[in-house]
Structure formats: structure tokens, C-alpha cells
Amino acid sequence: PRIDAGDLILYYRLDKDIAAHEVTVYEVNGNTLIGRVVAGAGDTVEVTEEGELMINGHYVNESGIFYSTPRYEGGIEYPVTLGEGEYFILADSREGGMDSRYTGPVSAGDIKGTVITVIRRNNF
């Protein structure tokens, strides 16, 4: 559930059917980011004051994510209902990760592809 500096990422650019839990490469404000899709079109997302992720009014238990999901000061307002072609994407490193908690929903057109493998490079 973590990609480190120096790791190589291979992603599939032609995937247009993006589902929850997939790791994506996307672009926001000129920055290329990596994150996990937690919600799609029609879903309502909320991050509670206690650092819990809620989708459509239900708490989400994410296997492999070992961190709380804090709200960010100056981030978006909750709850957020996603429109057609929008995704809510969170970094696996939830504390301090640049993701939809700052930038808001990500448009399908801003998603470059889905990650298919990570090659670890330990010499960095």
C-alpha cells in the first residue's frame, strides 16, 4: 500500500473503466499524482472529524491502509457528492498525502491510467 521515492511505476493508459480500490496516476494543477480510487460517480464521500472515511453514509474498512484519514485544514467541504465522470482519490499514506481532500474530485479526463505494477528500487 505504499510507493516510495525511486520506485518505478508501470501504468495502463487505455483503461477507461476505473473501479474503486484501483491505484491511478492522475494530474491535478500540473502535478502528476498517484492515489487509490475510493469512490466514483454518484457516491457521497465524507471524512469525519475522527479521521474515518465514509462512503454513502457507511464507514469504510480498507484492508492494507493502516493510517487514519484526517481532514485537511483549508481542504474541501464535506459531504461531497460526485458527479458523472468524477472520482475521489486518496493517497495510501493518508497523513500528509496530496489527494482529493485538497483538490476535490478528480475528473476522468485527468486520470492518465491505472497502475499495473511497482518495481521497488532499494538503492535510493
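Everything below is about the structure shown above.
Residues numbered from 1 in each chain as written. Predicted model: local features only at pLDDT ≥ 70, side-chain atom pairs only at ≥ 80, totals over all residues. Heavy atoms only, no water.

Colleague: Mind showing me how you'd approach the side chain of Thr69 here?
Modeller: Along the chain, Thr69 turns up in the loop between strand E6 (58-59) and strand E7 (80-81). A polar contact is formed between the side chain of Thr69 and the side chain of Arg94, at a distance of 3.0 Å. With residues near it in sequence (within four places) discarded, Thr69 still touches Val47, Gly51, Glu52, Leu90, Arg94 and Arg101. (Helix = DSSP H or I, 4+ residues; strand = E, 2+ residues; numbered from the N terminus. Polar contact = N/O pair within 3.5 Å; in protein donor to acceptor, adjacent residues only side chain to side chain. Contact = heavy atoms within 4.5 Å.)

Colleague: What should I look at first to understand the pattern of salt bridges in this one?
Modeller: A side chain of one charge can pair with a side chain of the opposite charge if their charged atoms are brought near each other. In total, this model carries seven salt bridges according to the counting rule given. Lys112 is the salt-bridge partner of Glu27, the closest N and O atoms lying 3.4 Å from each other. Of this pair, Glu27 sits in strand E2 (residues 23-28) while Lys112 sits in strand E10 (residues 111-119), and the two are 85 residues apart along the sequence. One salt bridge in this structure joins Asp92 and Arg36, with 2.7 Å as the shortest N-O distance. (Salt bridge = Lys/Arg side-chain N within 4 Å of Asp/Glu carboxyl O.)

Colleague: Which parts of the structure should I look at to understand the environment of Gly64?
Modeller: Relative to the assigned elements, Gly64 resides in the loop between E6 and E7. Residues Gly64 and Asp92 lie 28 residues apart in sequence; the distance between their C-alpha atoms is 8.7 Å.

Colleague: What exactly am I supposed to notice about the sheet that holds strand E5 (residues 53-55) here?
Modeller: In a beta sheet, neighbouring strands are held together by backbone hydrogen bonds and run either parallel or antiparallel to one another. The sheet built from four strands is open, its strands ordered E6-E5-E4-E7 with antiparallel pairing. For this open sheet the edge positions go to E6 and E7, each flanked by a neighbour on one side alone. Of the strand pairs in this sheet, strand E4 (residues 44-47) and E7 are connected by two bridges, and their pairing is antiparallel. Counted as the bridge partner of Thr44 is Thr81 from E7. (Pairing = 2+ DSSP bridges.)

Colleague: In this structure, what is going on with unusual backbone geometry? I would like to understand it.
Modeller: Glycine aside, residues mostly have negative phi, and peptide bonds are mostly found in the trans state. With an omega of -5°, the peptide bond running from Tyr78 to Pro79 counts as cis. Positionally, Pro79 belongs in the loop between E6 and E7. Positioned with a positive phi, Asn29 is a non-glycine residue whose angle comes to about 50°. In this structure, Asn29 sits in the loop between E2 and strand E3 (31-39). Owing to a relative accessible area of 73%, Asn29 belongs among the exposed residues under this scheme. Positive phi, close to 50°, is recorded for Asn56, a residue that is not glycine. Topologically, Asn56 is positioned in the loop between E5 and E6. (Buried < 20%, exposed > 50% of the residue type's maximum accessible area, 1.4 Å probe, protein only.)

Colleague: Mind showing me how you'd approach a nonpolar patch on the surface here?
Modeller: Together, Leu8, Leu10, Tyr12, Leu14, Ile116 and Ile119 make up a nonpolar patch on the protein surface, roughly 590 Å² of accessible area in all. Residue assignment for the nonpolar patch shows that the elements contributing at least two residues are strand E1 (8-12) and E10. The element contributing the most residues to the nonpolar patch is E1, with three residues. Tracing the backbone shows Leu10 in strand E1. (Patch = residues over 30% accessible without salt bridge, like charges linked within 9 Å, V, L, I, M, F, W, Y side chains within 5 Å. Areas by Shrake-Rupley, 256 points an atom, 1.4 Å probe, with all protein chains shown as cover.)

Interpretation in functional terms is not warranted from these geometric data alone.
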